[in-house]
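# Chain and residue survey
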Amino acid sequence: MLEVLLDRLSHIGEVPICNGYSNRAPHIFGFCFPLCYRCTFLIMMFSIMLYLFYYKNVKLRYWLIIVLLIPMILDGSLQTFFGILSTNLRRSVTGGLFGIGLAGLITRILMYLDEKESIDYKVYPLSRTIK
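Residues numbered from 1 in each chain as written. Predicted model: local features only at pLDDT ≥ 70, side-chain atom pairs only at ≥ 80, totals over all residues. Heavy atoms only, no water.

### Let's talk about the pattern of salt bridges
Threshold: The term salt bridge refers to a side-chain nitrogen of Lys or Arg lying within 4 Å of a carboxyl oxygen of Asp or Glu. Elements are defined by DSSP. Helices are runs of H or I of four residues or more, strands are runs of E of two residues or more, and each kind is numbered from the N terminus. Only protein chains enter the accessibility calculation, which uses a 1.4 Å probe; a residue whose area is less than 20% of its type maximum is buried, one above 50% is exposed, and one in between is partly exposed.
By the definition in use, this model includes three salt bridges. Of the charged contacts in the structure, one is a salt bridge between Asp-75 and Arg-38, with a shortest N-O distance of 2.3 Å. Within this pair, whereas Asp-75 is found in helix α3 (residues 62-82), its partner Arg-38 is found in helix α2 (residues 37-55), the two being separated by 37 residues in sequence. A residue is classified by how much of its surface remains accessible, and Asp-75, at 3% relative accessible area, is buried. In this structure, the salt-bridge partner of Arg-90 is Asp-75, at a minimum N-O distance of 3.3 Å.

### Here's the deal with α3
Put simply, the test is: One less than the residue count of a helix, multiplied by 1.5 Å, gives the span that helix is expected to have. Two axes are fitted around each residue, one to the seven residues ending there and one to the seven starting there, and the angle between them is reported as the bend at that residue.
Taking 1.5 Å of rise per residue, 21 residues should cover 30 Å, and α3 covers 29 Å from first to last C-alpha, within 8% of that figure. At Ile-70, α3 is deflected by roughly 25°, the largest bend along its length, and proline Pro-71 occurs up to four residues later in sequence. Taken together, the buried positions of α3 are Ile-65, Leu-68, Leu-69, Met-72, Asp-75 and Gln-79.

### Some words on the side chain of Asp-75
Basically, it comes down to this: Polar contact is the term for a pair of N or O atoms within 3.5 Å; when the atoms are in protein, one must be able to donate a hydrogen and the other to accept it, and sequence-neighboring residues count only if both atoms are side-chain atoms. Note on definitions: a residue-residue contact is assigned when non-hydrogen atoms from the two residues lie within 4.5 Å.
A polar atom in the side chain of Asp-75 sits 3.3 Å from the side chain of Arg-90. Those residues in contact with Asp-75, other than ones at most four positions away along the chain, are Arg-38, Ser-86, Arg-90, Arg-91 and Thr-94.

### What to know about a nonpolar patch on the surface
The test is simple: Two joining distances apply to patches: 9 Å for like charges and 5 Å for nonpolar side chains (Val, Leu, Ile, Met, Phe, Trp, Tyr), and every residue must have over 30% relative accessible area and no salt bridge. Each accessible area value is a Shrake-Rupley result obtained with a 1.4 Å probe; residue values ignore everything except the protein chains displayed when judging cover.
On the surface, Leu-2, Leu-6, Leu-9, Ile-12 and Phe-31 cluster together to form a nonpolar patch covering roughly 480 Å² of accessible area. Take the nonpolar patch: its biggest share by element is three residues, from helix α1 (residues 2-10). Its location among the elements puts Leu-6 in helix α1.

### Notes on the nonpolar core
Just so we agree on the cut-off: Here, the term nonpolar core denotes a set of buried Ala, Val, Leu, Ile, Met, Phe, Trp, Tyr and Cys residues that are joined through side-chain atoms within 4.5 Å.
Within the largest apolar cluster, 11 residues are counted, these being Leu-42, Met-49, Phe-53, Leu-60, Ile-65, Leu-68, Leu-69, Met-72, Phe-98, Ile-100 and Ala-103. Ranked by the residues each element gives to this core, the list is headed by α3, at four residues. Beyond its immediate stretch of four places on either side in the chain, Ile-100 contacts Met-45, Met-49, Phe-53, Leu-60 and Leu-68.

### Concerning unusual backbone geometry
Despite not being glycine, Phe-29 has its phi angle at roughly 55°, a positive value. Turning to its location among the elements, Phe-29 is positioned in the loop between β1 (27-28) and β2 (31-32). Phi is positive for Asn-57, which is not a glycine, with a value near 60°. Tracing the sequence through the fold places Asn-57 in the loop between α2 and α3. By relative accessible area, which is 54% here, Asn-57 ends up exposed.

Below, the structure written as structure tokens:
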């Protein structure tokens with residue numbers, strides 16, 4: 001596993017690090033992007049939506065989070081187990097949806113921890129502990 005990663009790192013600009021297939025990654029002026037379409041859109045949408053969800057205090061419903069996660073899981077499973085190749089557009093869409101769902105899930109967890117932390121402070125105020 002480490003050998004594969006080191007080999008891919010030595011070929012940055014030729015193949016993506018994640019899957020090693022240059023036809024599944026965006027190319028800019030002949031330079032192959034370090035991540036495939038799926039990973040690129042997953043990370044991009046995750047980063048944008050995590051920021052928006054958390055700072056705008058948006059909580060996605062759990063059923064919607066699950067619905068957003070399923071397409072990429074199905075697409076990846078079809079490729080892995082049945083040899084059905086997906087297009088770069090499908091990889092981009094499913095990766096983006098997964099990124100949104102993952103951001104929604106992480107946001108729910110962070111907001112829960114924030115609420116729990118604020119409750120703990122209300123129960124044990126700092127001014128009472130220092131005397």
